[in-house]
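Overview (structure and organization)
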Amino acid sequence: CAAHCLNLILSNFGKENIVKTTIAHASSITKYICNHCYPLYLMRKFTKGHEILRPAKTRFATNFIALQSIYKHKADLQAMVVSNDWITSAYYKEAQAKKFTRAVLDQNFWKNCAIVCQLSEAIVRVLRIVDSHERPAKGYLFSSFHASRDEIVKRFQRKELVKPFLDYID
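Residues numbered from 1 in each chain as written. Predicted model: local features only at pLDDT ≥ 70, side-chain atom pairs only at ≥ 80, totals over all residues. Heavy atoms only, no water.

**Structural notes on the packing of aromatic side chains**
For the structure shown, the criterion picks out 11 aromatic pairs. Their ring planes at 25° and their centres at 4.7 Å tell us that Y32 and F100 sit as a pair that is stacked. With Y32 in helix 2 (residues 17–34) and F100 in helix 7 (residues 95–105), this residue pair connects regions lying 68 residues apart in the sequence. Through pairs of rings, three or more aromatic residues link up here, namely F13, F64, F165 and Y168. Stacked on the ring of Y92, the Lys or Arg K98 has its end atom at 5.9 Å from the ring centre. (Phe/Tyr/Trp six-rings, centres within 6.5 Å; stacked < 30°, edge-to-face > 60°. Helix = DSSP H or I, 4+ residues; strand = E, 2+ residues; numbered from the N terminus. Lys NZ or Arg CZ within 6 Å of the ring centre and 35° of its normal.)

In structure tokens form, the structure reads like this:
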């Protein structure tokens, strides 16, 4: 099935070090927020009620969708951890909270997050077409799949970075 094939491609993407470490970093941020009431409240306040998705262990695509979700709220999360609400909270002084704050402000993580999102976005888009029940996907599959590969090539001029990902697609 096409969805299974695309999921396996994303699974292979997840074997690359940049993807593995970025997803683990994003997971630590979302776990901290979701496991603590006040940070969850603040996150909802700063994202204007929007949620960030949690990575799941079952389906590889959900990791990339969750990464896109957290990247979309980058500015909101960073504003949250430098806000007076956060700094004056009782949570702020805890070791776990300090680690969370450093994680959210880590510019290297956000740079890698942008790269991984750009690499995976086109494949996730094709997966959504295939999983959609709105229209038959078979007619769109091959053109979408090839367009997604071309999009990845066009986005990245640094061939050495993108080569392993293109090999997985091929």
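**Regarding the confidence of the model for the protein chain**
If pLDDT is low for a region, its predicted coordinates should not be looked at in detail. With 91% of its residues at a pLDDT of at least 70, the protein chain reaches an overall mean of 85. Looking across the protein chain, the model is least confident in helix 9 (residues 138–155), with a mean pLDDT of 78, and most confident in helix 5 (residues 74–82), with 94. (pLDDT = per-residue confidence, 0-100.)

**Overview of helix 2**
The first and last C-alpha atoms of helix 2 sit 26 Å apart over 18 residues, in line with the 26 Å expected at 1.5 Å per residue. Turning to helix 2, its buried residues number three or more, namely I18, V19, T22, I23, A26, S27, I29, T30, Y32 and I33. (Expected span 1.5 Å × (residues − 1). Buried < 20%, exposed > 50% of the residue type's maximum accessible area, 1.4 Å probe, protein only.)

**Details of the side chain of N112**
Along the chain, N112 turns up in helix 8 (residues 107–131). Assessed through its relative accessible area of 15%, N112 is described here as buried. Not counting the four nearest positions on each side in its chain, N112 is found in contact with I18 and T22. (Contact = heavy atoms within 4.5 Å.)

**Observations regarding the pattern of salt bridges**
Applying the stated criterion across every chain, the model contains seven salt bridges. Residue R125 pairs with E151 through a salt bridge whose shortest N-O separation is 3.1 Å. With a gap of 26 residues between them, R125 in helix 8 and E151 in helix 9 connect regions that are remote in the sequence. Exposure remark for R125: the relative accessible area of 38% places this residue in the partly exposed category. Among the ionic pairs, R149 bridges to D170, the shortest N-O distance being 2.7 Å. (Salt bridge = Lys/Arg side-chain N within 4 Å of Asp/Glu carboxyl O.)

**Quick look at the nonpolar core**
One finds F100 and I152 to be the most contacted residues of the largest nonpolar core, which totals 51 residues. When residues in this core are grouped by element, the largest group, 13 residues, is from helix 8. With sequence-adjacent residues up to four places away left out, I152 is seen in contact with Q118, L119, A122, I123, V162, L166 and I169. (Core = buried A, V, L, I, M, F, W, Y, C linked by side-chain atoms within 4.5 Å.)

**Section: the packing of helix 5 against helix 7**
The geometry of helix 5 relative to helix 7 is characterised by a closest axis approach of 9 Å and an angle of 140° between their N-to-C directions. Taken together, the axis directions place helix 5 and helix 7 in an arrangement best described as oblique. As for the relative orientation of helix 5 and helix 7, their crossing is left-handed in sense. Contact residues: helix 5 offers L77, Q78, M80, V81 and V82, while helix 7 offers F100, T101, V104 and L105. Across the contact of helix 5 with helix 7, the residue classes tally to seven nonpolar, two polar and no charged. (Axes fitted to C-alpha atoms, helices over the stretch in contact; angles between N-to-C directions. Parallel < 35°, antiparallel > 145°, perpendicular 65-115°, else oblique. Left-handed = near helix turned anticlockwise from the far one by under 90°. Nonpolar A, V, L, I, M, F, W, Y, C, P; charged D, E, K, R; others polar.)

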